[in-house]
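# Close look at the chain arrangement
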Amino acid sequence: AILKPFSACPQVCVYCQRNWEISGPMAPEAMAAWSTIEAACAWIAEHPAIQEVLVTGGVPLAMPDDALRRVLDRLSPPEEAPEMYRPCRDLAGM
């Protein structure tokens, strides 16, 4: 499954401009409403055949730390997935 909670990045390259619906560089409206994210996470949870979720958008690692943690914890609570792959940024210290 693909989850797109954030539709901006600091770069706005030609690839994204041509191929994706993105907001301006780090635009405030780039973050999806939590109700939308929650609905998507609930749908994913209702479909146990889904074993992997790609969190993408623009650049989800540019989201505020608390928002990124909330999304990842909702998808897979730490107590249920201690081995979950969380790339690029050390979320343990958040």
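Attention in this report is confined to the structure presented alongside it. The structure displayed is predicted, hence computed values, not measured ones.

Of the regular secondary structure elements, the chain holds three helices and two strands. Of the regular secondary structure in the chain, the N- to C-terminal order runs β-α-α-β-α. Counting over 94 residues, the chain shows a buried share of 29%. The contacts of the chain with a sequence gap of at least 6 include a subset with a gap of at least 24, amounting to 58%. For the chain, the accessible surface area stands at approximately 6300 Å², while carbon and sulfur atoms represent 57% of it.

Quick look at helix α3 (residues 65-75) now. For α3, the full list of buried residues reads Ala67, Leu68, Val71 and Leu72. In a view along the axis of α3, the buried residues occupy a sector of 125 degrees, so they form one face of it. Looking at the buried side of α3, the elements it contacts are β1 (2-6), α2 (34-45) and β2 (54-57).

On to α2, then. Compared with an ideal rise of 1.5 Å per residue, which puts twelve residues at 16 Å, α2 spans 16 Å between its outermost C-alpha atoms and is within 8% of the ideal. Taken as a whole, α2 has its buried residues at Ile37, Cys41 and Ile44. End-on view of α2: buried residues confined to an arc of 55 degrees, all on one side of the axis. Looking at the buried side of α2, the elements it contacts are β1 and α3.

The next subject is the pattern of salt bridges. Charged atoms that come close allow side chains of opposite charge to pair. One pass over the structure, following the stated rule, counts two salt bridges. With its nearest N and O atoms 2.9 Å apart, the salt bridge here joins arginine 74 to glutamate 38. Taken together, the residues arginine 74 in helix α3 and glutamate 38 in helix α2 connect sequence positions 36 residues apart. The class of glutamate 38 is partly exposed, set by a relative accessible area of 27%. A salt bridge links aspartate 73 to arginine 69; the shortest N-O distance between them is 3.6 Å. Here aspartate 73 and its partner arginine 69 are both found in helix α3, four residues apart, which amounts to about one turn of the helix.

Cut-off values and rules
- Residues numbered from 1 in each chain as written.
- Predicted model: local features only at pLDDT ≥ 70, side-chain atom pairs only at ≥ 80, totals over all residues.
- Heavy atoms only, no water.
- Helix = DSSP H or I, 4+ residues; strand = E, 2+ residues; numbered from the N terminus.
- Buried < 20%, exposed > 50% of the residue type's maximum accessible area, 1.4 Å probe, protein only.
- Contact = heavy atoms within 4.5 Å.
- Areas by Shrake-Rupley, 256 points an atom, 1.4 Å probe, with all protein chains shown as cover.
- Arc of directions from axis to C-beta.
- Expected span 1.5 Å × (residues − 1).
- Salt bridge = Lys/Arg side-chain N within 4 Å of Asp/Glu carboxyl O.

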